[in-house]
Amino acid sequence: MSHYIFVLNCGSSSLKFSVINPENGEEPLKGLAERLGVGGVGNITIKTAAGGKTEQQLDPGTHQEALHVIVAALKKEGLMDKIKAVGHRIVHGGEYFAESVLVDDDVRNKIVDCIRLAPLHNPAHVTGIDAAREAFPNLKQVVVFDTAFHQHMPQRAFLYALPYKLYTDNKIRRYGFHGTSYRYIASQLPEKLGIAKPKAVVAHLGNGASVAAVDFDHSVDTTMGLTPLEGVVHGTRSGDVDPAIFGILTGQMGMSPKEVDDMLWKQSGLLGLSGMSNDCRTVEEAYAKGDAAAIRTMEVYCYRLAKHIAAQMVGLGGADAIVFTGGIGENSSLVREKTIALLEYLGFKLDSAKNHETFRGKEGNIAAAGSKPVWVIATNEELMIARDTDALSA
Ligand code: ADP
């Protein structure tokens, strides 16, 4: 009998879940609950693979109530007894976790300890673990960390040039994120590239965006750092800025630290530059019409992305391939075209027709003849979480 894994991704006010067959990725049920933990009524949408869709209010709007509704749906669909274990996506595992692990009290305490490094995300993950332990008391729980894949980065890549004591005493260092996505892509590369132990620069471009230097089964560098703010331009996050901006904006312009923080996380990136949207599609539509704000936005986005891709090659001593993934990487032929055009000097060139026909889950090498490979690969973080959970709960 086939079995399933319940994959849970808890945000501070949301809960995304999926029931996944870890062998073939089949997803009979998935859904999203929103407006949780904000003191009012929440809502949940549940979809079946057959096309069924139910929406209902959650009162109270809490993660616990969302799981009660989900458990009822699992029972109704005859799936409850087929679920073998629960897999949680966890943003920050600090230096504690270089791989996925089964949850016990010690693991939970370490995730709590990492709240100081990820104050927005880890509290919600702890809420999710507690609620799932209550909702599925007989199932094993596994945690899969966004930071784990990058735990093999060498010191030269993860240290900031700050007083060293900040690292030893406070664990202020670069961690990197999107590790579950990079690990999935890394697992696909040997077969796709026909190289046993490939080196690739992988760009995961979603609302949050990062680039990593992938050396076969681990990363040697990546663009996100202590938090997922550092690095390339994101949907609403700035990516790299001169850190002196903090003193200037608070000192000379009277902004509070929280205002500067909010600006860097929520009002910058594609949204801040374009003044339109954090959604790449909206900016691209305006770009196609010749809108000046959209043009400058895409220029900055792609120039910075190309610079970071080139920089990531340093850690690898050159790359066998460049890979694009994430919503923008998998779909935006414009971003790929403008970025790779800046990297021709490194031996990468696109085949325009292949680039334009590769989107919505289609994968392939979009490089021109004679170029080093440039791949588009659809990432699947949920499947990776399901596979880890399946293996650890055997
Ligand atoms: P998240 O980081 O939230 O998981 P995704 O990986 O889903 O994000 O990526 C979301 C981004 O992908 C959005 O900016 C969206 O505009 C972009 N995107 C999705 N489809 C397309 C498309 N056809 N063309 C350009 N961008 C797209």
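Small disclaimer: the values here were computed from a predicted structure and weren't measured. (Residues numbered from 1 in each chain as written. Predicted model: local features only at pLDDT ≥ 70, side-chain atom pairs only at ≥ 80, totals over all residues. Heavy atoms only, no water.)

## Let's talk about the overall build of the protein chain
Put simply, the rule reads: The way it works is that DSSP assigns letters per residue, a run of H or I at least four long becomes a helix, a run of E at least two long becomes a strand, and they are numbered from the N terminus. The globule rule is 2.2 Å times the number of residues to the power 0.38, and the radius of gyration it is compared with is taken over C-alpha atoms. Buried means the residue's accessible area, taken with a 1.4 Å probe over protein chains only, is under 20% of the maximum for its type, while exposed means over 50%, and partly exposed covers the values in between. Contacts are assigned to residue pairs with any non-hydrogen atoms lying within 4.5 Å of each other. Areas reported as accessible are Shrake-Rupley estimates using a 1.4 Å probe. Residue values count occlusion only from the protein chains shown. Asp and Glu are treated as the negative residues and Lys and Arg as the positive ones, with His and the ends of the chain left uncounted. Each charge is placed at NZ for Lys, CZ for Arg, CG for Asp and CD for Glu.
Helices and strands together make up the secondary structure of the protein chain, namely 15 helices and 14 strands. The C-alpha radius of gyration computed for the protein chain amounts to 21 Å, which stays within 12% of the reference 21 Å derived for 394 residues, consistent with globular compactness. Overall, the protein chain is about 55 × 55 × 45 Å in size when its C-alpha atoms are taken along their principal axes. Every one of the 394 residues in the protein chain was classed for burial, and the buried ones make up 50%. Contacts in the protein chain between residues at least 24 apart in sequence constitute 61% of all its contacts with a sequence separation of at least 6. For the protein chain, the computed accessible surface area is about 17,600 Å², with 52% contributed by carbon and sulfur atoms. One way to put it: in the protein chain the 40 positive side-chain charges average out to a point 2 Å from where the 45 negative ones average out.

## Considerations on the UniProt feature "site: Transition state stabilizer" (unreviewed entry) in the protein chain
Filter applied, for reference: UniProt positions are given in the numbering used here, feature names are shortened, and annotations may be inferred rather than shown by experiment.
UniProt marks His178 and Arg237 with the feature "site: Transition state stabilizer" (unreviewed entry), using the numbering shown here. Looking at where His178 falls in the secondary structure, it is placed in the loop between α5 (164-170) and α6 (179-193). Among the residues examined, His178 registers a relative accessible area of 9% and is labelled buried. With respect to the helices and strands, Arg237 occurs in the loop between β11 (218-222) and α7 (245-251). Setting aside residues no more than four positions away along its own chain, Arg237 makes contact with Gly208, Met224, Pro228, Leu229, Leu264, Trp265, Ser268 and Gly269.

## Quick word on the site of the ligand
Here is the rule: Residue proximity to a molecule or strand is established when one non-hydrogen atom of the residue lies within 4 Å of it. Two N or O atoms form a polar contact when they lie within 3.5 Å of each other; inside protein one atom must be a possible hydrogen donor and the other a possible acceptor, and for residues adjacent in sequence the pair counts only when both atoms belong to side chains. Gly is put with the polar residues, along with every residue not named as nonpolar or charged; the nonpolar set is Ala, Val, Leu, Ile, Met, Phe, Trp, Tyr, Cys and Pro, and the charged set is Asp, Glu, Lys and Arg.
Inspection of the region around the ligand gives 13 residues, with Asn207, Asp279, Cys280, Gly327 and Asn331 positioned closest. For the ligand, an oxygen atom lies 3.0 Å from a polar atom in the backbone of Asn207. Cys280 is positioned such that a nitrogen or oxygen atom in its backbone is 3.0 Å from an oxygen atom of the ligand. When the ligand is considered free in solution it has 580 Å² of accessible area, and contact with the protein chains removes 69% of it. Broken down by element, the shell around the ligand gets its largest block of residues, four residues, from helix α12 (residues 326-331). Its residues assigned to classes, the shell around the ligand shows two nonpolar, eight polar and three charged.

## Some thoughts on the sheet that holds strand β8 (residues 140-145)
Inclusion rule: Following DSSP output, two strands are said to pair if at least two bridges run between them.
As summarised here, the arrangement of the eight strands in space is β5-β4-β3-β2-β1-β6-β8-β7, forming an open sheet in which the pairing is mixed. In the strand order of this sheet, the two ends are held by β5 (53-58) and β7 (101-102), each with one partner. Bridge analysis of strand β3 (residues 29-34) against strand β4 (residues 42-48) gives six bridges, and the strand direction is antiparallel. Note that in β4 the partner of Gly31 across the bridge is Ile46.

## Considerations on helix α13 (residues 333-341)
Buried residues dominate α13, accounting for seven of its nine residues. Of the residues making up α13, those classed as buried are Ser333, Leu334, Val335, Arg336, Lys338, Thr339 and Ile340.

## A look at the environment of Glu27
Mapped onto the fold, Glu27 is located in the loop between β2 (15-20) and β3. By relative accessible area, Glu27 is classed as partly exposed at 29%. Sequence separation between Glu27 and Lys47 is 20 residues, and the spatial gap between their C-alpha atoms is 9.8 Å.

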